[in-house]
Number of protein chains: 2
Amino acid sequence: MKERHNRLTVVKELIRNNRIDNQDTLLELLKKEGYNVTQATLSRDLKMLKVGKISDGWSGYYYTLPESDLVSESEKSYIQDVRRGIISIEFSGNFGVIKTRPGHANSVGFALDVLALPEILGTVAGDDTIFVILREGMTKEDLLDSFNARIPEIKE
Amino acid sequence: MKERHNRLTVVKELIRNNRIDNQDTLLELLKKEGYNVTQATLSRDLKMLKVGKISDGWSGYYYTLPESDLVSESEKSYIQDVRRGIISIEFSGNFGVIKTRPGHANSVGFALDVLALPEILGTVAGDDTIFVILREGMTKEDLLDSFNARIPEIKE
DNA sequence: TGAAAAAATGCATAAGTATGCAATATCTAT
DNA sequence: ATAGATATTGCATACTTATGCATTTTTTCA
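Residues numbered from 1 in each chain as written. Chains lettered and ligands numbered in written order. Predicted model: local features only at pLDDT ≥ 70, side-chain atom pairs only at ≥ 80, totals over all residues. Heavy atoms only, no water.

## What about the protein's contact with DNA strand D?
Alright, step 1. Around DNA strand D sit 19 residues, and of these Gln23(A), Arg44(A), Tyr63(A), Arg7(B) and Thr41(B) come closest.
Alright, step 2. Among atoms of DNA strand D positioned within 4 Å of the protein, sugar and phosphate together represent 64%.
Alright, step 3. Gln39(A) has a polar side-chain atom sitting 2.9 Å from a base nitrogen of DNA strand D.
Alright, step 4. Elements that contribute at least two residues to the surface near DNA strand D include exactly helix H3 (39-49) of chain A together with helix H1 (3-17) and helix H3 (39-49) of chain B.
Alright, step 5. Of the residues forming the surface near DNA strand D, the biggest block, 5 residues, is contributed by H3(A).
Alright, step 6. Across the surface near DNA strand D, the residue classes tally to 5 nonpolar, 7 polar and 7 charged. (Near = heavy atom within 4 Å. Polar contact = N/O pair within 3.5 Å; in protein donor to acceptor, adjacent residues only side chain to side chain. Helix = DSSP H or I, 4+ residues; strand = E, 2+ residues; numbered from the N terminus. Nonpolar A, V, L, I, M, F, W, Y, C, P; charged D, E, K, R; others polar.)

## Remarks on the side chain of Arg135(B)
Alright, step 1. Considering the arrangement of structural elements, one finds Arg135(B) in the loop between strand S6 (129-134) and helix H7 (140-150).
Alright, step 2. Overall, the relative accessible area of 14% leaves Arg135(B) in the buried class.
Alright, step 3. Once you skip the residues sitting within four places of it in the chain, Arg135(B) turns out to touch Asp113(A), Pro118(B), Glu119(B), Ile120(B) and Leu121(B). (Buried < 20%, exposed > 50% of the residue type's maximum accessible area, 1.4 Å probe, protein only. Contact = heavy atoms within 4.5 Å.)

## Considerations on the interface of chain B and chain A
Alright, step 1. Between chain B and chain A, the residue contacts involve 16 residues of the former and 16 residues of the latter.
Alright, step 2. Counting the surface lost from both chain B and chain A, the interface buries some 1,300 Å², and carbon and sulfur atoms represent 51% of this.
Alright, step 3. Where chain B packs against chain A, one counts 5 residue pairs in polar contact (both at pLDDT 80 or more).
Alright, step 4. Secondary-structure elements contributing two or more residues to the side of chain B that touches chain A are H3, strand S1 (52-55) and helix H6 (105-115) of chain B.
Alright, step 5. For the side of chain B that touches chain A, the element with the most residues is S1(B), which contributes 4 residues.
Alright, step 6. Split by residue class, the side of chain B that touches chain A holds 7 nonpolar, 4 polar and 5 charged. (Buried area = accessible area lost by both parts, 1.4 Å probe.)

## Let's talk about the protein's contact with DNA strand C
Alright, step 1. For DNA strand C, the set of nearby residues contains 20 residues, the closest of which are Arg7(A), Thr41(A), Arg44(B), Lys53(B) and Tyr63(B).
Alright, step 2. A breakdown of the atoms of DNA strand C within 4 Å of the protein gives sugar and phosphate a share of 60%.
Alright, step 3. A distance of 2.5 Å is found between a phosphate oxygen of DNA strand C and a side-chain nitrogen or oxygen belonging to Tyr63(B).
Alright, step 4. Counting only elements with at least two residues in the surface near DNA strand C, the list comes to helix H1 (3-17) and H3 of chain A together with H3 of chain B.
Alright, step 5. No other element matches the 5 residues that H3(B) contributes to the surface near DNA strand C.

Now the structure itself:
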């Protein structure tokens, strides 16, 4: 059985979707989801998930997931768009050319805009080709690094 | 006397430059800096500074400043560029027009690029005017909010 | 399968942080 | 300068979170 694994997933979801500021509250929510554990276990769960506690900018604090888990579902779908469409990327000076499967250029280009990679100043998409303009001072290495960070397994 | 204010500055600096994971440790460091207070006071200081506690990605946790205090010095200088140059900003549809002091449009525009506000798709700068194109789906309210968050006291 | 090893959990309690209250210190408006 | 208002602080303690240890559950492997 993967009881704990399931619970961790639920905990993560609860933290993502609620402003929770202590473990007892989280314990309540977990109970409603059918998980009956003690505060001790929850404390260990949070440590495992690397959950942090930060200011709400007002007068309180709440739990927060590490950045890597904060990627929203919608962002994930854009990442999928990129993965599905992209074929190759090559550079010339501060311009890049992305080749995509036919008809995918727009979805990939739009996804890149949404992902707002700091290296990219703008894109123009045709049918199976995207023209990428790098921001002043950015190199193709910068962009590729950023790619690998935001879009894992780009080499699939 | 502004004892507390000074102390807060030191606390902030200590947190920025060290990996501190509890208040007693911080208390020690503060003592070395010549500030003798109790844990209770420090707890209040941290709340005031909106200090958070996040995972080091390994097995521990440490204090961290809110984003607004993490702004790098170089970023601050760009923020200054914007403050020095900007006069007004108005909108029409998904376009914005920023008026600047004569000759300042380029420094402000470049600073805006560097700051990479997610609302801005791109800018074109003349001599005392900047043309801002909002990203699809973004409103002028979004941009103004972002402005206020990243560039405090824009109304000076 | 049936041990032995590893992982997960609860209990009790230690460690860490926050806060009510009273005492001071600082600021404000005469 | 001075009384009243505000802000800061320490003390004691409540609240919150982490963890050592023993127990139970799950996994591994011969």
